[in-house]
Amino acid sequence: MSIAQTASRLLKQFGEAVAFTYETGGGFHPDTGAPLPSSVVTVNGFGYPGRYESNDIDGTSIRSSDIRLTVERVSERPQVGWNVTVDAKEYRVMDVRNVRLSGSDVIYICQIRKV
């Protein structure tokens, strides 16, 4: 069993379900200027919401109300600007850091902020 699989198993056991969403498509047709349809993509996984240490909080880039969300390796790497639902509340992804081992992502650490 790989370390990513172990992390995933532990996050499923001790964490909770999370759902990232983002819009794709949209924009305008280059010839007509008509709006193009967009769709919402959902990426499901498991994560563990935690708090930042007081020495990490600077009040600007990391606020005291921000959450440090540890997420299993999901099908798409979370991106800044995506939304994420945790415990039935919606947050915006402010920053994403990946934890890697031997060139492969193991988990993601996401800074999330209430929308």
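Residues numbered from 1 in each chain as written. Predicted model: local features only at pLDDT ≥ 70, side-chain atom pairs only at ≥ 80, totals over all residues. Heavy atoms only, no water.

A. How the structure looks around the overall build of the chain. Looking only at helices and strands, the chain has one helix and six strands in total. Tracing the chain from N to C terminus, the helices and strands come up as α-β-β-β-β-β-β. Going through the 115 residues of the chain one by one, you find that 32% of them count as buried. Residue pairs at least 24 apart in sequence account for 53% of intrachain contacts in the chain once pairs closer than 6 positions are excluded. (Helix = DSSP H or I, 4+ residues; strand = E, 2+ residues; numbered from the N terminus. Buried < 20%, exposed > 50% of the residue type's maximum accessible area, 1.4 Å probe, protein only. Contact = heavy atoms within 4.5 Å.)

B. Representation of the packing of aromatic side chains in the model. The full count for this structure, using the stated rule, is two aromatic pairs. Taking the centre distance of 4.3 Å and the plane angle of 10° together, the rings of Y22 and W82 count as stacked. In this pair, Y22 sits in strand 1 (residues 16-25) while W82 sits in the loop between strand 3 (67-72) and strand 4 (83-86), placing the two residues 60 residues apart along the sequence. Members of the aromatic cluster, each reached through a chain of ring pairs, are F20, Y22 and W82. Geometry around Y91 places K114 over its ring, the cationic atom sitting 5.6 Å from the centre. (Phe/Tyr/Trp six-rings, centres within 6.5 Å; stacked < 30°, edge-to-face > 60°. Lys NZ or Arg CZ within 6 Å of the ring centre and 35° of its normal.)

C. Molecular detail of unusual backbone geometry. Phi angles above zero are rare outside glycine, and D87 is one such case at about 55°. Positionally, D87 belongs in the loop between strand 4 and strand 5 (89-101). With a phi close to 55°, S102 is a non-glycine residue in the positive phi region. Note on placement: S102 falls in the loop between strand 5 and strand 6 (104-114). The exposed category is assigned to S102, whose relative accessible area is 74%.

D. Inspection of the sheet that holds strand 4 at higher detail. Strand order in the closed barrel formed by six strands is 1-2-3-6-5-4, with antiparallel pairing between adjacent strands. Across this sheet, the average inter-strand angle for adjacent strands is 45°, counted without regard to direction. (Pairing = 2+ DSSP bridges. Axes fitted to C-alpha atoms, helices over the stretch in contact; angles between N-to-C directions.)

E. Examining the environment of S38 more closely. The residue S38 is located in strand 2 (residues 38-50) in this model. The class for S38 is partly exposed, based on a relative accessible area of 41%. Along the chain, S38 and V74 lie 36 residues apart, while their C-alpha atoms are 22 Å from each other. Setting aside its immediate chain neighbours within four residues, S38 contacts E23, T24, G25 and G26. Reaching out from S38, the side chain makes a polar contact with the side chain of E23 at a distance of 3.0 Å. (Polar contact = N/O pair within 3.5 Å; in protein donor to acceptor, adjacent residues only side chain to side chain.)

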